[in-house]
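Close look at the chain arrangement
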Amino acid sequence: MSEQTPDGRAQDGQGQDRQGRERAEVVAALTTAGRDSSAASVAFHSAIAARQDLGATETKTLDLLERHGPLTAKELAGHSGLAPASVTGLVDRLERKGYVRRVKHPTDKRRVLIEPRPEKLAELAPLFDDWAREVHELYEEFSTAELRTVLRFLTGATERQRAATRRLSDAED
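Now for a quick tour of the structure. (Residues numbered from 1 in each chain as written. Predicted model: local features only at pLDDT ≥ 70, side-chain atom pairs only at ≥ 80, totals over all residues. Heavy atoms only, no water.)

Our focus in this paragraph is the pattern of salt bridges. On inspection of all chains with the given rule, the structure shows 14 salt bridges. Arg101 serves as the salt-bridge partner of Glu115, at 2.6 Å between the closest nitrogen and oxygen. Here Glu115 is found in strand β4 (residues 112-116), whereas its partner Arg101 is found in strand β3 (residues 100-104), with 14 residues between them in sequence. Residue classification places Arg101 among the partly exposed positions, given a relative accessible area of 31%. (Salt bridge = Lys/Arg side-chain N within 4 Å of Asp/Glu carboxyl O. Helix = DSSP H or I, 4+ residues; strand = E, 2+ residues; numbered from the N terminus. Buried < 20%, exposed > 50% of the residue type's maximum accessible area, 1.4 Å probe, protein only.)

Right under this line is the structure:
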């Protein structure tokens, strides 16, 4: 038998809020799905990286440079959440492998930009083709309003994960 709370929410006979239980179940399922998504993403990027003799952090750094264009080491640290000392070693490795080059900043000659080498990035692009096609097919299963909700969630989760990464990176120093 169902009862009503003073604010009109339905409760079962034991006084448990059905909406609260349902929300807890959805949050638990979402947490599990997020962990599964994270594991799948790490495995995918590790497989891509292994094909090109790169580390997963290196491929994600290349993604940042491809999306944002040339960045200083400090900017790269800010976008990635990595400690500046870690970024220096990372850029050194990418430069040795031919994926990036250091160039003088066009307006401030004291600064150095890390610039991706498009010809090397082009070698990575075909490895993403199948996955990109499949994810675009998945987008078609959702309304624009649903996609906006997913976007809001992913953006918020990403911001929080970057903050957690910065806290962990700062703890290393």
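For the rest of this paragraph, the subject is unusual backbone geometry. Where the residue is not glycine, phi is negative for most of them; where a peptide bond is considered, it is trans in most cases. A positive phi angle, close to 55°, is found at Asp53, a residue other than glycine. Checked against the element boundaries, Asp53 lands in the loop between α1 (18-51) and α2 (56-68).

Where nonpolar side chains cluster on the molecular surface, the patch consists of Leu30, Val150, Phe153 and Leu154 and spans about 360 Å² of accessible area. Looking at the nonpolar patch element by element, the count peaks at three residues for helix α7 (residues 144-172). Within the element layout of this structure, Leu154 appears in helix α7. A residue is classified by how much of its surface remains accessible, and Leu154, at 48% relative accessible area, is partly exposed. (Patch = residues over 30% accessible without salt bridge, like charges linked within 9 Å, V, L, I, M, F, W, Y side chains within 5 Å. Areas by Shrake-Rupley, 256 points an atom, 1.4 Å probe, with all protein chains shown as cover.)

This brings us to the packing of helix α3 (residues 73-80) against helix α4 (residues 84-96). Packing of α3 against α4 brings their axes to within 9 Å, and their N-to-C directions diverge by 110°. Judged by the inter-axis angle, α3 sits roughly perpendicular to α4. Read as a crossing pair, α3 and α4 show a hand that is right-handed. Seen from α3, the contacting residues are Ala73, Leu76, Ala77 and Ser80; seen from α4, they are Pro84, Val87 and Val91. The residue makeup of the contact of α3 with α4, split by class, is six nonpolar, one polar and no charged. (Axes fitted to C-alpha atoms, helices over the stretch in contact; angles between N-to-C directions. Parallel < 35°, antiparallel > 145°, perpendicular 65-115°, else oblique. Left-handed = near helix turned anticlockwise from the far one by under 90°. Contact = heavy atoms within 4.5 Å. Nonpolar A, V, L, I, M, F, W, Y, C, P; charged D, E, K, R; others polar.)

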